[in-house]
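# A look at the structure
For reference, the chains in residue letters:
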Amino acid sequence: MKICFATNNQKKVEEVKAALGDNFEIVSLKDIGCIDELPETGDTLEHNAFQKARYVKEHFGVDCFADDTGLEVDALEGEPGVYSGRYAGEPRSDDRNIDLLLKNLEKSSLRKARFKTVIALLLGDEEYKFEGVAEGEILKERKGDGGFGYDSVFVPNGYVQSFAQLTMAEKNAISHRGKAVRALISFLSNI
Ligand code: IMP
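A few points on the structure. (Residues numbered from 1 in each chain as written. Predicted model: local features only at pLDDT ≥ 70, side-chain atom pairs only at ≥ 80, totals over all residues. Heavy atoms only, no water.)

## Structural notes on the environment of Asn48
- Tracing the backbone through its elements, the reader meets Asn48 in helix H2 (residues 45-60).
- Taking the relative accessible area as the measure of exposure, Asn48 reaches 0% and is therefore buried.
- When the C-alpha atoms of Asn48 and Leu38 are compared, they prove to be 9.5 Å apart, with ten residues separating the residues in sequence.
- Apart from the residues lying within four places of it in its own chain, the contact partners of Asn48 are Glu40, Thr41, Gly42, Asp68, Val82 and Arg86.
- Within the structure, Asn48 has its side chain in polar contact with the backbone nitrogen of Thr41 (distance 3.4 Å). (Helix = DSSP H or I, 4+ residues; strand = E, 2+ residues; numbered from the N terminus. Buried < 20%, exposed > 50% of the residue type's maximum accessible area, 1.4 Å probe, protein only. Contact = heavy atoms within 4.5 Å. Polar contact = N/O pair within 3.5 Å; in protein donor to acceptor, adjacent residues only side chain to side chain.)

## Concerning the packing of aromatic side chains
- Scanning the entire structure with this criterion turns up six aromatic pairs.
- By the ring-pair criterion, three or more aromatic residues cluster together here, those being Phe115, Phe154 and Phe163.
- A cation sits over an aromatic face here: Lys171 above Phe163, 5.4 Å from the ring centre. (Phe/Tyr/Trp six-rings, centres within 6.5 Å; stacked < 30°, edge-to-face > 60°. Lys NZ or Arg CZ within 6 Å of the ring centre and 35° of its normal.)

## Looking at the site of the ligand
- Looking at the ligand, there are 14 residues lining it, with Lys12, Asp68, Asp151, Lys171 and Arg177 nearest.
- When isolated, the ligand has an accessible area of 470 Å², and the protein chains bury 91% of it.
- Of all the secondary structure elements, the ones that give two or more residues to the shell around the ligand are strand S3 (64-73) and helix H5 (176-189). (Near = heavy atom within 4 Å. Areas by Shrake-Rupley, 256 points an atom, 1.4 Å probe, with all protein chains shown as cover.)

## Details of the side chain of His176
- Topologically, His176 is positioned in helix H5.
- For His176, a relative accessible area of 2% gives the class buried.
- With near-sequence residues (within four places) excluded, His176 lies in contact with Thr69, Phe115, Lys116, Thr117, Gly132, Val133, Ala134 and Phe163.

Keep in mind that these numbers describe shape and distance, not what the molecule does.
Set out below in structure tokens:
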């Protein structure tokens, strides 16, 4: 089955390909000739995921799924949440986002946080939603250089390594996106 993963983040495409195995052919936006910046103007993960997927379906006519992920930090009342990608403003920068996050948590001993992923799937005329959550804590400084985004400052519950110190397979097994993708796969395998 051929499905477009509506993201411009090549690392995410690789993660999902690794999780999906050979039963599905995942094509990227580049593969379908989409170079547009996908709209994400909502204030929830769900809104943005469906907005991106619907844009690709409408303009390129392909079955597709889109994800939206946010990091919710308890001491920051759920921020940066849906604004995780542009936490430190435009142009987007993982490095500046992490700097701002660590600065805002400087005086906080409460480090509890979670990543949440929503996946919107558009298949034929139907729309479906899948979710995944990874609970953990925010470090006081960066650890490891794998992964992307906030990986180097997020330690999942039950681990001492940050997401950036885990292999892609290890991260996939416990991550928010891994869980959401497995829910997607389980659904796709049963249709
Ligand atoms: P997006 O909506 O999935 O593009 O993600 C929004 C923000 O969350 C971006 O800054 C990403 O870097 C960050 N993010 C998404 N997924 C992950 C992850 O698996 N690890 C660390 N940061 C992530």
